[in-house]
Amino acid sequence: MLNVKEMLEELKASPYEEIEVVTPHTGVIEFVGLKPGDRVAGPGGKWNEKPGTLLANLTREKNKKPICATQKGLVTDIAAGLEGTFVEAGVRLLTIRHFLSKDEVIARILKKALYLFCAPERAKYYFVPEIDAKIKAGGEQSVKPREGMEMFIVSRMKRETPLAYSGPEGIVYAVYFQQGDNVDGGQPLIGVCQESQLTLIQDVVNRVQGEWEEQD
Amino acid sequence: MRILTACVELGHAFVCVYTEADATSGHVRLARELGGGESLRRIRSYQDASEIFAVADACQATAVHPGYGFFAEDFRFARRAETRDRALAFIGPSWNVIRDLGDKINTKRIARSLSVPTIPGSDRPIFDEMEAVELAQTIFAFQTEQGIEEGCVLVKASAGGGGMGIEEVYDLDTFRSVYRRIRNYAKRNLSDEGVLIEQRIFDFNHLEVQVAAERGGMNAVHFGTRNCSVQSLGRQKRIEVAPGFDPSSLDYGFDAATVLSAVTNHSVNMARAVRYDNVGTWEWIVTPKGDPFLMEVNTRIQVENGVSGVISRLRGRTDTDRGVNIIAEQIRLGLGEPLGYTQEDVGFDGVGIEYRIIAEDPADRFTPCLGRIENFRWTPEPWLTVSTQVPTALTGEPYDIPMDFDPNLALAIIWGADLAQVRVRGEAFLDGLTLTGTDTSRAPLRTNVAFLRTRTQTLLHF
Amino acid sequence: MDIDKRTQQLAARLAYISDIFGPRENASVALLKHRLGEFLASASGYGMRELHLQVDRLEELFSLLEGKLEGELSPMDRVRIVRHPQRICLKDILENVYDNYAEIGGQDEWSIDPGMIIARATIARRMGKRTVQQPVMIIGQEKGHGQEFRNGGSIKPWGNANALYYMRVAEAENIPIHTYVFTPGAFPVEDYPGAAQQIAKNLYVMAGLKVPIVAVFSEGGSGGAEAIALADKRLMLSHGYYSVISPEGAAAIEGGLKEKASPELIERCAERLCITAGDNLRLGFIDRVIKEPALGARPDNYEFFRQLRREIVRATDEVVHAVQGLGPLRALAMRRARETADPLDIFVRWSLSASARNALVSQRHKKYRAMSLGALNDNSTMGTRLYTGLVRCLWQVNSLLRHDMLAKYKRRLSGILEQMEAELRALDQGLGGPFGLFRHVGGNRMGIPPEALKLLTSLSCPEEGACRTEDSWVYVSPKSRADRTVTCPNTATHGCLDLWAPDLFGEFAGVCSHCGHHFPMEFQWYLYNVFDFAQAYEFNTELESCNPLHYEGFDLKLAEAKRATGLGSSCITFETRIEGLAAVVAILVSPFRGGTVGAAEGEKLIRAIERARIKRMPFLLYSHGTAGIRIQEGTCGVIQMPRVTMAVRRYIDAGGLYLVLYDTNSYAGPVASFLGCSPYQFAVRSSNIGFAGPGVIRETTGVEVPPKYHRAFSALSRGHIQGIWDRRDLKKNLHQALLTMGGSNLYYR
C-alpha cells in the first residue's frame, strides 16, 4: 500500500524542480536583462497559446528566435558571460527554479502508485494509429489496455515493430513519453490504473489538493 | 575520420561539428586529438543546414565538406554554400551537376543522349496504357533473351518515392491491372498520372567506377572499378572488391576485360560531357551475359572509396605507393586545385577488399543491433587499414552504439598482390577479429562477421 | 391625469434624453434638469391647481425642448437612440402595425435563435365593404428592450439559416416578405453553418427570391443587416443607422486596436461613416425615410406605428405595381395617394403572377446594379466607353448565336449520336466474346520484333533534350534574395528545421518542405505563375478607388496604397488561359488596403462577372487576402455585398461556372457574400477563412477562440470550402477543377 503522507512530506522537503534552459541550436545569444531572482511565467492562455516569459534571443543566420520559459519559477543563475557570443547547441543559459504545482505533485506520486509499462529497449515509441486517434479524441483515460493488446510501434534504426502491452487490465492514467522522442530502455511509457486502485488514486488527488500549497 | 586525417595531411585547419549523441564517438575524439577543443562545435542535428553554416561563419571557414551522407547529395545545400552572401567552397560537385545527376530518370536521359547503355525501361513518365504494355512486353522479352527465367518488371509512380506506389509484376497478364492500379493511385495521391516502367535489377554484378574531375570539368580520370555485389537485404553493400573483375584469375563467362574498359570509358566520357567537377561514382550492373548498364551516378564520395584508392598508383608520386587518398584528392579538387595528372598517370596494382563490420543480425533480416561493445580488437598488419569510430578499439573502454545513425562499426581494407593473397589475408583478418558485447535486447551483440566470411568465399571464387 | 404619474413620466423623459446625449454638456438638457428639479423641490408647497399649471408648463417646455434637441442630434446620438432599451422593437411593430400575427420561428427564449423573430402576419385592407386579410412573412431581429436572451439582436448563423428557410416558404406561398433590421451585426462564430457562410447563402437566395421584399432599417450593422435586407424597397426609420461597422469598431481600427478608443474619436468616426438615414438616402442605398417622433420612436408612439403601417403597405404596393399592372383607375388613385390619402384604401393584390415574379427579380438586379456607381473613379474616356459598349453588344449577339441557338441543335444532335454509339457498343460487346478470346492469344510475349529492344535503352523523345527542365517559377519572390533563414511556425509541433529564404521563397514557392506550411507569397507570384498574367488581357484598369464619403485622412492613405502597389484598386480583373482554358479571373490583392472591397472593387467584379457571362467563360475569383469591406467607404462598401452577389447569382443562373480560391486571410463582408456564395470554393493551404478575426470575436462576444479557429481545415470540415490545395499544384488543380466542374464546354448547363 502506498504511503501518500510520507511521500508528500518528502516532496514538501524539496518542493522545487530545477529546469536548465539550454540553447536549442548554435547562434549568437542576447539576454533580455533578466537578473537572478526574477520571476518568469510559463506558457499561458486557455490553449497554452501564449508563450512564456522571454528569456533570451538566439540569432542564427539572420534569424532571431526567442527562447521562452517553459515553466513558471525563479531565475536562479544566468550565464551572463555568453551575452553577445556565438554559442554551440545545448549550452546552459540559465536555470529556473520551479515550484511544483499540484498537478505535478499528483503526477509524481501516481507514478509510484500506478502500474508502469516500461520501454523494453532504447528506441522511439509511437502509439498505434487507432489508439492515437482514441487518445486525441477522448483523452488518455479512454484507452483500456488488456494483456496482449498491440499498443505501440517501436521505431528503432528506422525499422518499425509493433509492441504489445502486458500487465494488468485497467485504464491508461498517464502517458510518460513524447511520441517520436527517444525513450531509454526501462523508462515508463504509460501508467495504468487498475479498477481496484481507483479509490486510492482519488484519495491521492484529494489529499494533494488539500495539503499541497502552490507557491509562485 | 578519414576526412579529418586528409585535412591534416593537406595542411588545412578544420572545425568538426558533432551532436550530443556523438560526443564520445571516435571522430570527435580524433578531432580533439588533431585540432584540440577549438576544432569542435556541438550542433543540434547533422540535418540542420543552418547549424553548419552558422558554425562556418562563426569560425570564418572558407570551405565545407558535407561528409558521406545527408548533405553530400543535396544540391540545395551545395547551392546555398555557393550562393550565400558569405560563400563557402563546397567540397563536392557544383550544385547543378548534383541536381542533374541526383535524379535517376534525368541521369538516364543524359546517359542515353550520350549513348551510354542504361537499364532497360522508360526514361520518362508514361501516360498511355498501350505504350506501357508495349514497354513491359519488350522488357520481358529482353529478360528471356538474357536467360533470366523469372522476368520481372517494376511499375512505379513517377512522382512517388519512399516505396509508395511501386509494384513488381511477373507476367504480362497481371501487368495491365497493376499498371491501372498504380496510375490511379498516383492520380489520387500524387496528382500526377505518370508511371515508370523499368526492368527490375536482379543479383547481377554490381560494378562501380570511381571518377575524379577538376573544377571546370575539363579533366577527368577514373581510379578503376570495384565490385560491390555482396549486399544484404535492402541493397546495403557489405563487401567491396577492387578491381571489379579479375579476368586473369577467374572466368566470368564473358569477356570481363572488355566490360571493364567499356564501363570506365563510358563513365569518364559522361563525366566530361556533364562537366562533372569532383569525385563521384558511376554505378553499373553487368548482366550474366556481360552487358553493362548504367544504374545511377553517386555525386559524392562514398565510404568504399578506400578500396579503389588502395589499388591505385600515381606515376611519379611516391606517396601513392600504398594507394591514392581519394578523400584528399576530393578536398584538393573541391578547393579548385587542378588534377595535375591524366589517366595515363594512373596505374593499378594488386587487389583490394573492403569489409564493413556492422552490428546487425544476418539471421534476422539484418536487423541492426544496439548495445554496448566491450571488446573490439584485431591483429594489425601492414596490408590492413581499419577505420572505426568505436573508441573501444583504441582505448578498450566500453562503447554504446548510438541509435540514430548507421550501426557501422568499422571499415577494414585489405590489400593483396593478387586475388589469392587477398583471399587468404581477408580470412586471416576476420579470424583475428575480436568483437564482443551485449545487445540491449538480445544478448550477445551480433555482427555480420560470419556473414562476411561466408560471402567472401562466394565472391572471390565466383 | 394623476400628477404623480405625470411627473414620473417627465422624469423618465429626462432620463431618456440624458441617456441619448450621454456625457455631453447641453444647455437644453441642463435647463430641463434644472426646471424639473426645481419643480420637484417645491412641489410639496403648491396647491392642486398650481401643481397642474406647473406640470402643464413643464410638459410644454419638455416638448418644445425635445423638438429643439432633435435638431442637435449627432450621428452618435442616433446610435444611442437606436440602442436604447426603450427603442421600439420588432415585437412592438408586430403588435401595432399588423392586424394579426403568429410567431413561427420559436417563442421568446424557446427558439433556435431568440434574436431572430419570424412570424406570419396579416394586414387588413378594405375592398368596398369587405375586408381582405393580406398575408405577409415577417422576418427581423428582436432586441427585446434589453432582454438578455435576445443577444441584442446579434444573430447566430443558425438564426439566419432559419430566416432563410422561411423566406423560401414565403416564396412557395407567393406572399411578400417584410424584414425589419434591428441588428448591431451578426454574431461572428464559425460553428456550423458559419456566420459568413450563412449570410452568403442568404444573400444568394434573396438575390433570386421571387416575391416582393421590403426591408425596414432601424439598426443596420453591416453583414448582419445584409443577411435579411436585400430587398426591393429599403425603408429606413429617421433615427436609425445603417453602417459598415459600429462607430466603436471603426474607432478601434482608426486608433490602433490595442488601447480603448476615446469617446471623441468614436463620435468623429460616427460622423465620418455617414450612417444616418439622411446620409443613406442621399447616397441612394435606401428608398425612403420614415419620419419618427422627436428623439426617436418609443413603444407608446402610436401615431408612428400608424405611419409605419401606411409606409410599409405603400412600399409593398409599389413593388408589386412596378412589375404587375394595376387597373387604370387604381393606378391613378395610387399616384394620388402618394401625396395624400391612406394607401390602405386602394387594394392591391400582393401575390404575383408567374411573369411578374421573373420581372421582379430582374428589377431587383437593375436596382442594385445602379447603386454606388458614383463612389468610384472611372478614368476611361468617352470613346473607350463607347467602344467597350459596342464590343459588348457584339459579344452578346455572338454568344446568343453560338451558345443559345446553335448549341441547342448541336446538343440534340450529339445526344442522338451518343445514343447510337452506345447501341453499337452494346452490339460489339454482345459479339465480343470470340473476338476477345482471339485478342488474348495475340498478347503473347514472344511475338516482339527484335528492334523493339532498342526502344528500351535508347533516349525517348530526343527533341525534349536530355535534361528535363526543372520546375522553375516565372515570377520569383524578392524575398528569396535575402541570405537569411526563416523559422516555420509549426516548428514546435512538427520539428521543422529553419528554412533558407532563397530556397523557401524561390524553389519551394513559400512552402515549408517539412510540414507543408504555406508562407504568404506576393500576389504577383500567383499572377505570373498560376494565371499566366504575361499573356493575359487585363480590363477595367481605369476604374479606381476613391473616397466617396470624404472620410478624413483617407485620401492620403489611398494615394499611398496606389503608389505602393501601382494599382488603382485592390481588385485586378483579366482574361487569361489556364492550361489552355480561357477564363475570366478576378483577384483581390491583399497589399492594397488589406484587400478591402469598396465601390470600385465591387464594380470591377460585377463587370468581370458580366463579361464572363456574355463571353460564356468560367469565372474565377482568387482572394489573395481580404480584410473585409472598406470601412472608409461606409455603406458604399457594404452595398457591394448584395450587388456583387446579385451579379454572381445572375451569372450562375445563366449557367456559369464560378470558382473561388482563398489564400492567406479572407474575412468578413466579401466572404459573407460573393465569395461565400460560390458552390465551389477552395483554399490554399495554411489560409484562414472566417467572418471576424479572433480579436473582434473576443471583443464582441467575449468568447476566446482557439488558435486554429479560422484555419482552412476547419472551414473544410464545416463544409464551407470544398477542398484545400497545395500552392505548387494550384495551376494543375485549377485546371482539373475547371474540367471536372465545368464539363466539356466549361459552362455546365
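Because the structure is predicted, anything quoted here is derived from the model rather than measured. (Residues numbered from 1 in each chain as written. Chains lettered and ligands numbered in written order. Predicted model: local features only at pLDDT ≥ 70, side-chain atom pairs only at ≥ 80, totals over all residues. Heavy atoms only, no water.)

Trainee: Describe the overall build of chain A, listing the residues and the values that go with them.
Mentor: When helices and strands are counted, chain A shows four helices and 15 strands. Seen through its C-alpha atoms, chain A measures out along the principal axes to roughly 55 × 45 × 30 Å. Long-range pairs, those at least 24 residues apart, make up 72% of the contacts in chain A between residues at least 6 apart in sequence. Counting every atom, chain A has about 11200 Å² of accessible surface; 49% of that belongs to carbon and sulfur. Placing the 27 positive and 31 negative side-chain charges of chain A at their respective mean positions leaves the two points 4 Å apart. (Helix = DSSP H or I, 4+ residues; strand = E, 2+ residues; numbered from the N terminus. Contact = heavy atoms within 4.5 Å. Areas by Shrake-Rupley, 256 points an atom, 1.4 Å probe, with all protein chains shown as cover. Lys, Arg positive; Asp, Glu negative; His and termini not counted. Charge placed at Lys NZ, Arg CZ, Asp CG, Glu CD.)

Trainee: Hey, could you go over the domain arrangement of chain C for me, with residue numbers and the actual values?
Mentor: Examined at the domain level, chain C breaks down into domain 1 (3–72), domain 2 (83–369), domain 3 (478–520) and domain 4 (523–742). Measuring from the centre of the C-alpha atoms in domain 1 of chain C to the corresponding centre in domain 3 of chain C gives 69 Å. (Domains from an automatic or database assignment.)

Trainee: So what's going on with the side chain of Arg125 of chain C? Residues and values would help.
Mentor: Residue and element names in this part refer to chain C. Among the structural elements, Arg125 can be located in strand E2 (residues 116–127). Arg125 gets classed as buried once you look at its relative accessible area, which sits at 1%. Among the polar contacts made by the side chain of Arg125, one reaches the side chain of Asp317 at a distance of 3.0 Å. (Buried < 20%, exposed > 50% of the residue type's maximum accessible area, 1.4 Å probe, protein only. Polar contact = N/O pair within 3.5 Å; in protein donor to acceptor, adjacent residues only side chain to side chain.)

Trainee: How would you explain unusual backbone geometry if you had to name every residue and give the values?
Mentor: Of note, the amide linkage connecting Ala242 of chain B to Pro243 of chain B takes the cis form, showing an omega dihedral of -5 degrees. Here Pro243 of chain B lies in the loop between strand E10 (236–242) and helix H9 (256–273). The phi dihedral of Leu295 of chain C is positive, around 60 degrees, even though this residue is not glycine. Tracing the chain through its elements places Leu295 of chain C in the loop between strand E7 (288–290) and helix H12 (302–323). Assessed through its relative accessible area of 0%, Leu295 of chain C is described here as buried. Here Thr664 of chain C, not a glycine, exhibits a phi torsion of approximately 40 degrees, which is positive. The exposure class of Thr664 of chain C is buried, given its relative accessible area of 15%.

Trainee: Could you give an account of the interface of chain A and chain C, naming the residues involved and the relevant values?
Mentor: In this complex, chain A contributes seven residues to the contact, which on the side of chain C involves ten residues. In total, about 800 Å² of surface goes out of reach between chain A and chain C, with carbon and sulfur atoms giving 45% of it. Of all residues in chain A, Trp47, Lys62 and Asn63 of chain A bury the most surface against chain C, accounting for 56% of the area lost on that side. Counting across the interface, chain A meets chain C through two salt bridges. (Buried area = accessible area lost by both parts, 1.4 Å probe. Salt bridge = Lys/Arg side-chain N within 4 Å of Asp/Glu carboxyl O.)

Trainee: Provide a residue-level description of the domain arrangement of chain A, including the pertinent values.
Mentor: In terms of domain boundaries, chain A breaks down into domain 1 (15–99) and domain 2 (103–211). When each unit is reduced to the centre of its C-alpha atoms, the spacing between domain 1 of chain A and domain 2 of chain A is 30 Å.

Trainee: Could you give me a rundown of the pairing of strand E6 (residues 73–78) of chain A, with the residues and numbers involved?
Mentor: All names here are of chain A. Sheet topology note: the strand E3 (residues 39–40)/E6 ladder contains two bridges and is antiparallel. Of the residues in E6, the one forming a bridge with Val40 is Gly73. With four bridges joining them, E6 and strand E8 (residues 92–99) adopt antiparallel strand pairing. When the sheet's bridge partners are listed, Ile78 is paired in E8 with Leu94. (Pairing = 2+ DSSP bridges.)

Trainee: Explain the pairing of E2 of chain C residue by residue, including any values.
Mentor: Where a strand is regular, its side chains alternate between the two sheet faces. All names here are of chain C. Taking burial as the measure, the twelve residues of E2 include nine buried ones, the bulk of the element. Pairing analysis gives four bridges linking strand E1 (residues 100–103) to E2, with the strands arranged antiparallel. Across the sheet, the residue bridging to Asn100 is Thr122, located in E2. The pairing of E2 with strand E3 (residues 130–141) spans twelve bridges and is antiparallel. Opposite Arg120, over in E3, you have Met137 as the bridge partner. Count of turn residues in the E2/E3 antiparallel hairpin: two residues, of which Gly128 carries a positive phi of about 65 degrees.

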